[in-house]
Amino acid sequence: MMTRLSIHVLAGHVLAGFLLAAPLLAAGCAARDVPAARFANAPPVHQVDDRRDVPARPAARAFLHALYHYDGTVQRRLTRAMELPRGQRALGVNALDEVPDSTWFTNRIGVRDLTLDELRTGPGVLGTPELHRPWTVHSYKAEGTELNLIVTDARGIRFLLKFDTPGYPEQVTATHVIAGKLLGACGLHVTDDHVVVFQPDDLVLAPDATSADIFDNEHRLLRAELDALLRRTPHTPEDRLRAVASRWLAGKALGGPPAEGVRDDDPNDRIPHQLRRDLRGAYTWFAWLEHVDVQEGNFLDTWVEDSGRHYVQHHLIDFGKAFGVMNTTDHNPRPGREYWLDFATMARSLATLGLERRPWEGVPASPLRGVAMFDVDSFDPDGWKPQSPAYLPFLTADRFDNFWAAKILIRFTREQIRAVVELGRLSDPRAADYLTDTLVARQRKIARTWFERVNPLDRFAVVTAGAGASLCFDDLALVYRLGATAGATEYRVAAYDAEAHPLGPAAVVRPDPAGHACTAALPPADYAILRIATARPGFDGQTFVHVARDPATGALRVIGIWRS
């Protein structure tokens, strides 16, 4: 690793050499501007084959909460720093810079418009257990101040019932369902969750129902104990019980996947998790939802059986602490703005004698029933921090990962977001209005941030017309009206062959008012690289699009995208 001094000395030698050799290098400078990335002339991969048979059940991973956060906050951060890690672009990405479907991720709203019914339903197909009562209670386990019951409905389907934290009615239950449905629409694999409202008589005890304390000491669960637990949970304004019914995941639970490395006993798990774009890009979605409770314990792998074969499926679970709920229920406004143990902030506070105003100071919790500490003004899409730095994929995420996630996020319309918010069944209509307004405002703030860090051109396609084939694309900053204007935007397009030699002079094209643009006729080469440089006030960036002739049809097609 070079020091700052050695970098400056090296830069001086490079500059002197360049000035002496400028006449010789002038002819080749254009080629050096083109990245060395090359793509096979083949269709992009849209689905990864990671469901090959794993006949032996992988080992379950225990989650040791305190050790995990100590290691991720202190010890592993120190050892990683001494390793001098270099930034590395994400893996698990196809030639078009997108994430294929896999056991980790499924493209949904990122590739097509979802109907309101699809958003409301999510990946589940069985629907709410509210219509299939009574529910048989099998067990209760103490989880802090929250009540969790394992039940089966009248169909025999197992659910986990989670109740609101005492003193904070509707916060956990509404948040869990809304955040989970939005993350599922983004493409993550989530649980099938529903807000349910019921009476105590809708719960019946199984003959062998058990209760366990925080030390896993079990005893038989009696009706009097259950009724006492239910009386302590927040009730609806109509004095009924309210909970989240989360369908029990199929398969054998294996615990959460490691944040770093892979599962050694899963042959399908080949990409180190800190390099997976679907995990790294999730930083932006978690920031959108203020989902600060990020830890291995809130992911769950299951070993599932499918048509005679077994494989590991990866899920995200437990969303009830999003939307600032963790901040309010833990009486701590810092998550989202600082880590629970934030050395950089501590040092800055020490240097300023505590006089510097911290971003969480003065941020109030909402007075609305069901809404926690969730706002727009204090939100920084690039500086957002979960509760702790232990989840490594969020630390290795780069601007390309967050740009990819922002592209998916901005596709939600206000109507779609509102439809999902209504699944929270908030009793105060003003709460649903506030959550919708805040989610939309944070969504646009996120897109504006990352579309200014990466050239926001997308949806590339070769279009054939009378004058020949041209490359068309959308400028997402213009499409979504994020402050840029078509009149002040232009694209300088230069074409190169497969060896990065120029194919004629560059040309300037401009977008239409909707943010759509097309190049002039493409060169007749079988393989061409188009460098599209965007320029507008306050921004410049470039993207390289590779096009080649389909061997079967002879038609030009996009085979690769490289963002710089």
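Residues numbered from 1 in each chain as written. Predicted model: local features only at pLDDT ≥ 70, side-chain atom pairs only at ≥ 80, totals over all residues. Heavy atoms only, no water.

1. Focus: the pairing of strand S18 (residues 556-563)
- Among the eight residues of S18, seven are classified as buried, and the element is accordingly described as predominantly covered.
- In this structure, strand S17 (residues 539-549) lies alongside S18, joined through seven bridges in antiparallel fashion. Pairing of arginine 549 across the sheet is with leucine 556, part of S18. (Buried < 20%, exposed > 50% of the residue type's maximum accessible area, 1.4 Å probe, protein only. Helix = DSSP H or I, 4+ residues; strand = E, 2+ residues; numbered from the N terminus. Pairing = 2+ DSSP bridges.)

2. Brief notes about the sheet that holds strand S8 (residues 252-255)
- Spatially, S8-S9-S10 is the arrangement adopted by the three strands of the open sheet, whose pairing is antiparallel. Edge positions in the sheet fall to S8 and strand S10 (309-316), since each has one partner strand and no second. Mean inter-strand twist for the sheet, computed between neighbouring axes without regard to direction, equals 30°.
- Two strands pair when backbone bridges link them, and strand S9 (residues 299-306) and S10 are joined in this way by eight bridges, in the antiparallel orientation. Across the sheet, residue aspartate 301 finds its bridge partner in S10, namely histidine 314. (Axes fitted to C-alpha atoms, helices over the stretch in contact; angles between N-to-C directions.)

3. A closer look at empty space enclosed by the protein
- Scanning the entire structure with this criterion turns up three cavities of 30 Å³ or more.
- Counted as a void, the largest cavity has a volume near 120 Å³.
- Lining the largest cavity are 14 residues, and of these Leu188, Leu279, Phe299, His315 and Leu316 lie nearest its centre.
- At the level of elements, helix H8 (282-289), S9 and S10 are the ones that each hand at least two residues to the lining of the largest cavity.
- If you tally residues by element for the lining of the largest cavity, the top one is S10, at three residues.
- For the lining of the largest cavity, the residue count by class is ten nonpolar, three polar and one charged. (1 Å grid on protein atoms, 1.4 Å probe; cavity = no way out; pocket = protein on both sides within 12 Å on 5 of 7 lines; lining within 4 Å. Points joined across faces, edges and corners; volume = space filled by probe spheres on them. Nonpolar A, V, L, I, M, F, W, Y, C, P; charged D, E, K, R; others polar.)

4. Describing unusual backbone geometry
- Backbone torsion omega between arginine 133 and proline 134 reads 10°, so that peptide bond is classified as cis.
- Despite not being glycine, glutamate 170 has its phi angle at roughly 75°, a positive value.
- Tracing the chain through its elements places glutamate 170 in the loop between strand S3 (158-163) and helix H5 (171-186).
- When its relative accessible area of 3% is taken as the criterion, glutamate 170 is described as buried.
- Phi is positive for histidine 331, which is not a glycine, with a value near 55°.
- The exposed category is assigned to histidine 331, whose relative accessible area is 66%.

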